[in-house]
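Here is what each chain is made of, one letter per residue.
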Amino acid sequence: MAVTGTSDLTAGLLQKLQDEYIYYALKDEIWGQFANWKSCPLDGGGASAYRQVIVNRMEDATDSLSETSDVTPVTLSDTSFDITPALKGNAAALTLQVRYQTHPDAYAGAGKIVGLNRASSIDKIIRTGVLGASLILRPNDNALRTGLDVTSDKISYDFISELISHSRSHGFEPFEKDTYVTVVPSAVIRDIKNSITLWQDVNKYRTDMKELFTGEVGMLGGVRFIESPRGKLYLSGGTVAQTATTLAADAAAGATTLTVASATGLAAGNYISVGTLEGSVHEQVQITTITDTVILTIRGDGNTGTNFGLKYAHASGAAVTEAANVAAIPIFGAGAIHGRYGEAEGRAGQLIVKENEGILEQFTYFGWRAYLGVGLYQKSIIMGEVAVTGGFLGSS
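Attention here is on the structure that accompanies the text. (Residues numbered from 1 in each chain as written. Predicted model: local features only at pLDDT ≥ 70, side-chain atom pairs only at ≥ 80, totals over all residues. Heavy atoms only, no water.)

## Side note on the overall build of the chain
Consideration 1: Helix and strand counts for the chain stand at 6 helices and 21 strands.
Consideration 2: The principal-axis extent of the C-alpha atoms belonging to the chain is close to 90 × 60 × 40 Å.
Consideration 3: Within the span of the chain, comprising 396 residues, buried residues form 42% of the whole.
Consideration 4: Across the chain, the fraction of contacts at a sequence separation of at least 24, relative to all contacts at a separation of at least 6, is 78%. (Helix = DSSP H or I, 4+ residues; strand = E, 2+ residues; numbered from the N terminus. Buried < 20%, exposed > 50% of the residue type's maximum accessible area, 1.4 Å probe, protein only. Contact = heavy atoms within 4.5 Å.)

## Section: the pattern of salt bridges
Consideration 1: Inspection of every chain in the model, using the stated rule, returns 12 salt bridges.
Consideration 2: As a salt-bridge pair, Asp28 and Arg230 come within 2.5 Å of each other at their nearest N and O atoms. Linking Asp28 in the loop between helix 1 (11-27) and strand 1 (36-40) with Arg230 in the loop between strand 9 (223-227) and strand 10 (233-234), this pair joins segments that are 202 residues apart in sequence.
Consideration 3: Here Asp123 ties to Arg230 by a salt bridge, and the two come within 2.6 Å at their closest N and O atoms. With Asp123 in helix 4 (residues 110-130) and Arg230 in the loop between strand 9 and strand 10, the pair connects residues that are 107 residues apart, well separated along the chain.
Consideration 4: Taking relative accessible area as the criterion, Arg230 reaches 19% and is therefore assigned buried.
Consideration 5: Put simply, Asp28, Asp123 and Arg230 are held in one network by salt bridges that share partners. (Salt bridge = Lys/Arg side-chain N within 4 Å of Asp/Glu carboxyl O.)

## A short note on the sheet that holds strand 14 (residues 283-291)
Within a sheet, adjacent strands bond to each other through the backbone by hydrogen bonds, running parallel or antiparallel.
Consideration 1: Taken in spatial order, the 6 strands of this open sheet run 11-16-13-14-15-12, and their pairing is antiparallel. Each edge of the open sheet carries a strand with a single partner, namely strand 11 (245-246) and strand 12 (257-259).
Consideration 2: Sheet topology places strand 12 next to strand 15 (residues 295-299); 3 bridges connect them, and they run antiparallel. The partner of Thr259 across the bridge, within strand 15, is Ile295. (Pairing = 2+ DSSP bridges.)

## Digging into the packing of aromatic side chains
Consideration 1: Taken as a whole and assessed by the stated rule, the structure comprises 11 aromatic pairs.
Consideration 2: With a centroid separation of 5.6 Å and 70° between ring planes, the pair formed by Trp199 and Phe225 is classed as edge-to-face. Of this pair, Trp199 sits in the loop between helix 6 (186-195) and strand 7 (200-201) while Phe225 sits in strand 9, placing them 26 residues apart in sequence. As far as the burial class goes, Trp199 and Phe225 line up, both buried.
Consideration 3: Put simply, the rings of Trp31, Phe34, Phe175, Phe213 and Phe332 pair up and form one aromatic cluster.
Consideration 4: One Lys or Arg, Arg145, reaches over the ring of Tyr234 and ends 3.5 Å from the middle of that ring.
Consideration 5: Taking NZ or CZ as reference, Lys232 lies 5.2 Å from the ring centre of Tyr234, over its face. (Phe/Tyr/Trp six-rings, centres within 6.5 Å; stacked < 30°, edge-to-face > 60°. Lys NZ or Arg CZ within 6 Å of the ring centre and 35° of its normal.)

## Notes on the pairing of strand 21 (residues 381-388)
Consideration 1: Burial analysis of strand 21 places 8 of its 8 residues in the buried class, which makes it a mostly covered element.
Consideration 2: The side-chain alternation of strand 21 yields two buried faces, one formed by Ile381, Met383, Glu385 and Ala387 and the other by Ile382, Gly384, Val386 and Val388.
Consideration 3: Sheet topology places strand 5 (residues 136-137) next to strand 21; 2 bridges connect them, and they run parallel. Directly across from Leu137, in strand 21, lies its bridge partner Gly384.
Consideration 4: With 8 bridges joining them, strand 17 (residues 325-332) and strand 21 adopt antiparallel strand pairing. Counted as the bridge partner of Val326 is Ala387 from strand 21.

## Notes on helix 5 (residues 157-169)
Consideration 1: Counted at 1.5 Å a residue, the expected span for helix 5 with its 13 residues is 18 Å, and the 18 Å between its end C-alpha atoms agrees.
Consideration 2: Burial in helix 5 covers these residues: Phe159, Ile160, Leu163, Ile164 and Ser167. Buried residues in helix 5, looked at end-on, bunch into an arc of 135°, giving them a common side.
Consideration 3: Where helix 5 is buried, its residues contact strand 5, strand 6 (180-184), strand 8 (216-220), strand 9, strand 17 and strand 21.
Consideration 4: One or two steps after helix 5, the chain reaches Gly171, where phi turns positive at roughly 75°. (Expected span 1.5 Å × (residues − 1). Arc of directions from axis to C-beta.)

The following block contains the structure:
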């Protein structure tokens, strides 16, 4: 079998692919840009995990020192957690026939596509950890996410101030200018701009900061907001608007109609979630029309570049829910996220290209590989959850 690796590509093309990969693997990071990264050696000496130690603050000293006696030292304490790196990666294949029939940019742009996938994959790993924060606050002392509604539980300056107060009292290490950071979906920014006059657009303080973060759009109460699809929306996670129903028939990916057991209370324009909430194929769509009582015409994220129906296939009996969407507002400091990466692959990971693979040399593979892991200092993260107006097409 003849296999052509990256060493066999023309130098110009290889350099272009590598440059694009590294650029987008790092430039497109949202969550990853906040991690404190350290390398680990290829010969790790048998280490499978790395201990991250955070030294806790000393108690304040208010008593006067004695002239004749030495000071009594206090005992330092620390918090530690393990970071366990592992090999991560993904790959895509082009057949020889596809290469003949597709636009040449599909090949030349492989470095960008692979780099973007690396960035979003690592971001999802970090986001999953952050969403597991143990300290959670909701407006009006709601104990449960399902108690949040858009009438009284949207984001407010008072709620952000409460989150900041807790952040400071817990000693979160701030970013530049004594600020903290949050990553949120667009729905949160829309609600802020529609109702909170104290919002500062990023252009108002751009020159005051040494560096702006990727995705940074503004500040409220000392929190720098990063707007991104990688912010978390709990689709239909809030107060239920209608009694939940189910699908009465299977629905294929891409379908633009749904048959439900009951459409009581539903109307054109409503956003509904299909599938088990927070399940692997959970998505939200919008009803455009209702016919024959139980047949819903919908629009969604779709399963192809030209389709605006369902993103996933759903079996008969799948849950159909209409409820308020809930956004996560994780507030964190500079010392919250820690990561390790393998020195051989580097911080961005490594682009892998193999041409002319297979008995008839008809397959070309593009992929990325990285050895890395992340850990979180939970005492430097506080999670806020608020109801948001409007709906969403797709999954979050």
